[in-house]
Amino acid sequence: MSLQQLVKNVVVIRPEADGAPDGERLDIGITDGKFVRVESQIPAEEAETVIDGRGLLAFPGVVDAHQHWGLYNPLADDAETESRAGAQGGVTTALTYMRTGRYYLNRSGPYAEFLPVVLESAGGRSYIDYGFHLAPMMRQHIEEIPSLIEDFGVTSFKIFMFYGGHGLHGRSADQDQFLMLPAGERYDLAHFEFVMRGIQEAREKLTDLAPHVSLSLHCETAEIMSAYTEMVERDGTLSGLAAYSASRPPHSEALAVTVASFLADETGLPNINLLHLSSRKALAAAMRMASTFPHVDFRREVTIGHLLADVETAHGIGGKVNPPLRSREDVEALWSYLLDGAVDWVVSDHACCKDEDKFGDDRDDVFAARSGFGGAEYLLPGLISEGRRRGLSYQRIAQLTSWNPARRFGLTGKGAIAPGYDADFCLVDPMATWTVRAEDSFSAQDYSPFEGFELTARVTDTWVRGQQVLDRGNIVGSPQGRYVSRPQGR
Ligand SMILES: [Zn+2]
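Residues numbered from 1 in each chain as written. Predicted model: local features only at pLDDT ≥ 70, side-chain atom pairs only at ≥ 80, totals over all residues.

1. So, the overall build of the chain
In terms of regular secondary structure, the chain is built from 15 helices and 21 strands. For the chain, the spread of C-alpha atoms along the three principal axes comes to 70 × 50 × 40 Å. Classification of the 490 residues of the chain by burial places 56% in the buried group. (Helix = DSSP H or I, 4+ residues; strand = E, 2+ residues; numbered from the N terminus. Buried ≥ 20, exposed ≤ 12 C-beta atoms within 10 Å, placed from the backbone.)

2. What about the packing of helix α2 (residues 111-122) against helix α3 (residues 139-152)?
Orientation of α2 relative to α3, taken along the N-to-C sense of each, is 45 degrees, at an axis distance of 10 Å. It follows from the interaxial angle that α2 and α3 lie oblique. Of α3, the residues touching α2 (which contributes Tyr 111, Ala 112 and Leu 115) are His 141, Glu 144, Ser 147, Leu 148 and Phe 152. Here the residues of the contact of α2 with α3 are counted per class, giving five nonpolar, two polar and one charged. (Axes fitted to C-alpha atoms, helices over the stretch in contact; angles between N-to-C directions. Parallel < 35°, antiparallel > 145°, perpendicular 65-115°, else oblique. Contact = placed C-beta atoms within 7 Å. Nonpolar A, V, L, I, M, F, W, Y, C, P; charged D, E, K, R; others polar.)

3. Describing the sheet that holds strand β19 (residues 458-464)
An order of β3-β2-β7-β16-β19-β20-β21 is seen for the seven strands of this open sheet, with the pairing classed as mixed. Edge positions in the sheet fall to β3 (24-25) and β21 (474-475), since each has one partner strand and no second. Relative to strand β7 (residues 57-60), strand β2 (residues 11-12) runs parallel, the two sharing two bridges. Paired with Val 11 across the bridge in β7 is Leu 57. Seen against the sheet, helix α1 (residues 75-88) touches β19, β20 (467-471) and β21 and runs at an angle of roughly 80 degrees to β20. Here helix α14 (residues 376-389) sits on the sheet in contact with β7, β16 (425-429) and β19, set at roughly 135 degrees to β19. (Pairing = 2+ DSSP bridges.)

4. Observations regarding the pairing of strand β4 (residues 27-31)
The buried fraction of β4 amounts to four of the five residues, a majority that puts the element mostly inside the structure. With five bridges connecting them, β4 and strand β5 (residues 34-39) associate as antiparallel partners. Paired with Ile 28 across the strands is Val 38, a residue of β5.

5. Describing the sheet that holds β4
One open sheet holds the four strands; their spatial order is β5-β4-β1-β6, and the pairing between them is mixed. Every interior strand has two partners, whereas the edge strands, β5 and β6 (47-52), have only one. Averaged over all neighbouring strand pairs, the angle between strand axes comes to 25 degrees, with direction disregarded. With three bridges connecting them, strand β1 (residues 3-8) and β4 associate as antiparallel partners.

6. Here's the deal with the nonpolar core
Soluble globular proteins tend to bury their nonpolar side chains together. Core analysis: the largest hydrophobic core is formed by 151 residues, its most contacted members being Ile 28, Ala 58, Val 257, Val 346 and Val 428. Sorting elements by how many residues they give to this core places helix α9 (residues 250-267) first, with seven residues. The residues touching Val 346, leaving out its near neighbours within four places in the chain, are Val 302, Thr 303, Ile 304, Leu 307, Leu 379, Leu 383, Leu 400 and Thr 401. (Core = buried A, V, L, I, M, F, W, Y, C linked by C-beta atoms within 7 Å.)

7. Considering the environment of Ser 348
As for its position among the elements, Ser 348 is in the loop between β15 (345-347) and α13 (355-358). For Ser 348, a count of 30 C-beta atoms within 10 Å puts it in the buried group. In this structure, the C-alpha to C-alpha distance between Ser 348 and Glu 377, residues 29 residues apart in sequence, is 8.4 Å.

Pasting the structure below:
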C-alpha cells in the first residue's frame, strides 16, 4: 500500500500551464494530507481507501482570497458557520480581511495584541484553512509590518481608500469613532503613502519573503461618494440598488485606482492588488495604469456578485455592497475584461450580515442598510454556470478561483491538484441545475441577493488536506481547518 486514499473516476482540472482546458481523466493519490500521485490508471490495490468520483469534475479547492469573517458577527461564530458555507461551495482556503476599529473586534491598539485574539477566536472552529489580510490603520501598525510578516505569517495588507471620509455604510453618524484612531492621526492619502513605504521597506529588508508580500486596495473616493450620496438622496428619483450605485459612481472607483497606482509608483511598491473592480470605468483605469506603470505588478480582482447580479436582477437591497452592484452594461464589461484575460482572480467578498443587522427601520431604504453579503457558496458554481455559457474553460476557472490567488498570496502549497500540494479539492457536477435558496445555505445569513438565480453546476464533495468536509452536500466531521502562516513551508 503506497497510498492512503485514491480518487478514481474523475476528470481532473489542472490550472498549470500544461493542463488541458477541459480536464483530464486522471487518478489522484493522497497520503498524509498531500497529493502524491496524479496519473492515469493507478491500480486500486495500491491504496487503503478508494473514493469513487462518480465521473464528476475534480477542481483544486477554491482559494477565496476575499472574505470578511467577524465583521458583523463574533469571529468565532463566523469561523464556524461561514467556513461551512465555504466548504459547501468547494472553498478550502479563505483569506479574510481584518482591521482594528468599529465592527470586527470593536477595539483598537497594536496588532501584536490584536492578532493573537483573532487567532484564538478563530482557532479550532473552521472547517477550511484560513489566513488573514491586515489593514494598517494607524502609524503604529506601519511599524509593525515586518513583525506581522515574520512572526505572524501575514504577507498581505489592505487600504480602504474611502474610509477616512465616508464610513462603512455611507450615512454614518459615528464617523469620528469609526476607525478608533489615536488623537491627531488621520486615515487619508498621506497615511496610504506611508503604508506603502512601510511595506516596501519591509520587502527590501526581508528579501526572501518579498515576492509574497503585497498590498490590496479598496478603490473608491470618499469626497466624490459623499457629494453624490447627498445629491442622490436629495433628488429622490432613484431608489434601491440603482440609487446606491449612483451614490458611489464608477468614476469614484476609477479615480481611486489612478491615485493608488500613482502612489505605488511614487513609493516603489511593486505588488499591488486592485480589489473588487466593479465597473467598466474601474477596469479601464486599471488597464491604463498597468500600461502607464509597467514596473508595477498589478493584479485585478472581481467578485462573483458583480459578475452575476446587476441592480435590477439582484434580489432586493440585500444586494447592498461596496463597491455597489452596477448596471447590466457594467456587468457585461466585467465579463469582457475577464474573457480577455485582464482579471486575475474572482472572489466572493463574503461578509455574513444577518437580516436583523442588514436592514434599517425602513427596510426599503438602501441608505439605511448595511453593506456586504455572503456568497462563498456560490463562487465556483456561479462562475462555472455563467462562465461556461460565455466560453470560459474549466482550466481558466481553476486559475481564477484557486491557482492565481494562491500564487500571489504566499499559499505556495495550494492551488493545484499536483504532487506535493495540499490535498484540497472538490467534486463538481457540471450537469446539475438548481435554484439558489438562502435557506439551503449553511451560512448564518438568512437571505441572499442571488435568491432564485438558476445555476447549472453544483459542488457535491469537498476535501481539505485529504479530509472530507462535504459529502454529497452534507458537512461531515469536526472542524479541522488551520491557520495558514504565509508563505507556506517557510
Ligand atoms: Zn471586502
